[in-house]
Amino acid sequence: QVQLVESGGGLVQAGGSLRLSCATSGSRFSRNAMGWYRQAPGKQRELVAAITSGGVTNYADSVKGRFTISRDNAKNTVYLQMNSLKPEDTAVYYCNTRTEYGLMYWGQGTQVTVSS
């Protein structure tokens, strides 16, 4: 069974930084595409950043230059480094994986709150 466990969320002041981690198990991590999504109250879930099995990254325009997604295949973990945080970054952040077979799985989410 594929499992994803996020950590690293919390409360931070505007301009601060956080690093989210997503530890995975139950699949061939190195072959999976990974992504971070977020959902703010009253809004749809949106893609924040993604990284392919080959390390190609993609970012939402709203976070380009501030957020960095990376992966450590030895640790089966994907990270999201978030710098220069803004109040509008406040949301529940979800880790997502798409396996080599096209199956998608989600973590339980971690809350990020940015105070002004």
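Scroll up to find the structure this text is about.
The shown structure was predicted, so the numbers you read here are calculated from the model rather than taken from an experiment.

Caption draft 1: Fine view of the overall build of the chain. A count of helical and extended segments in the chain gives zero helices and 11 strands. Along its sequence from the N terminus, the chain presents helices and strands in the succession β-β-β-β-β-β-β-β-β-β-β. Projected onto its principal axes, the C-alpha coordinates of the chain cover approximately 40 × 25 × 25 Å. Buried residues in the chain amount to 41% of all 116 residues. Summing over all exposed atoms, the chain offers an accessible surface of approximately 6,100 Å²; the carbon and sulfur share of this is 46%.

Caption draft 2: Focus on the state of the cysteines. Enumeration over the complete set of coordinates arrives at one disulfide. Paired through a disulfide, cysteine 22 and cysteine 95 show a sulfur-sulfur distance of 2.1 Å. With the S-S bond torsion at -85°, the cross-link from cysteine 22 to cysteine 95 turns out left-handed. Residue cysteine 22 is found in strand 3 (residues 18-25), and its partner cysteine 95 is found in strand 9 (residues 91-98); the two are separated by 73 residues along the sequence.

Caption draft 3: How the structure looks around the side chain of threonine 77. Note on placement: threonine 77 falls in strand 8 (residues 77-82). Within polar-contact distance, the side chain of threonine 77 engages the backbone oxygen of lysine 75 at 2.8 Å. In this view, threonine 77 contacts Ser21, Cys22, Ala23, Phe29, Ser70, Arg71 and Asp72; residues no more than four positions away in its chain are not counted.

Caption draft 4: Inspection of the pattern of salt bridges at higher detail. Per the counting criterion, the structure on display carries six salt bridges. For the salt bridge of aspartate 61 with lysine 64, the shortest nitrogen-to-oxygen distance reads 3.1 Å. Residues arginine 66 and aspartate 89 are paired through a salt bridge, measuring 2.8 Å at the closest nitrogen-oxygen approach. With arginine 66 in the loop between strand 6 (57-59) and strand 7 (67-72) and aspartate 89 in the loop between strand 8 and strand 9, the pair connects residues that are 23 residues apart, well separated along the chain.

Caption draft 5: Region of the structure containing the nonpolar core. Ranked by size, the top nonpolar core spans 27 residues in total, and within it Trp36, Val78, Leu80, Met82 and Tyr93 carry the most contacts. Elements with a contribution of two residues or more to this core: strand 3, strand 4 (33-39), strand 5 (46-51), strand 7, strand 8, strand 9 and strand 11 (110-115).

Caption draft 6: Structural detail: the pairing of strand 9. In terms of residue burial, strand 9 counts as a mostly covered element, since six of its eight residues are buried. Strand direction decides the pairing type here: strand 4 and strand 9, joined by seven bridges, are antiparallel. Residue pairing for strand 9: alanine 33 is matched across the bridge by arginine 98. When strand 9 meets strand 11, the two strands line up antiparallel, connected through three bridges.

Caption draft 7: Quick peek at the side chain of serine 21. Mapped onto the elements, serine 21 comes out in strand 3. Residues within four places of serine 21 in sequence aside, it is in contact with Val5, Glu6, Ser7, Trp36, Thr77, Val78 and Tyr79.

Caption draft 8: Seen up close, the sheet that holds strand 3. Strand order in this open sheet of four strands is 1-3-8-7, and the pairing throughout is antiparallel. In this open sheet, the two strands that pair with only one neighbour each are strand 1 (3-7) and strand 7. Going from strand to strand, the sheet's axes swing by 15° on average, the running direction of each strand aside. Looking at chain direction, strand 3 and strand 8 are connected through six bridges and run antiparallel.

Thresholds, definitions, all that
- Residues numbered from 1 in each chain as written.
- Predicted model: local features only at pLDDT ≥ 70, side-chain atom pairs only at ≥ 80, totals over all residues.
- Heavy atoms only, no water.
- Helix = DSSP H or I, 4+ residues; strand = E, 2+ residues; numbered from the N terminus.
- Buried < 20%, exposed > 50% of the residue type's maximum accessible area, 1.4 Å probe, protein only.
- Areas by Shrake-Rupley, 256 points an atom, 1.4 Å probe, with all protein chains shown as cover.
- Disulfide = S-S within 2.5 Å.
- Polar contact = N/O pair within 3.5 Å; in protein donor to acceptor, adjacent residues only side chain to side chain.
- Contact = heavy atoms within 4.5 Å.
- Salt bridge = Lys/Arg side-chain N within 4 Å of Asp/Glu carboxyl O.
- Core = buried A, V, L, I, M, F, W, Y, C linked by side-chain atoms within 4.5 Å.
- Pairing = 2+ DSSP bridges.
- Axes fitted to C-alpha atoms, helices over the stretch in contact; angles between N-to-C directions.

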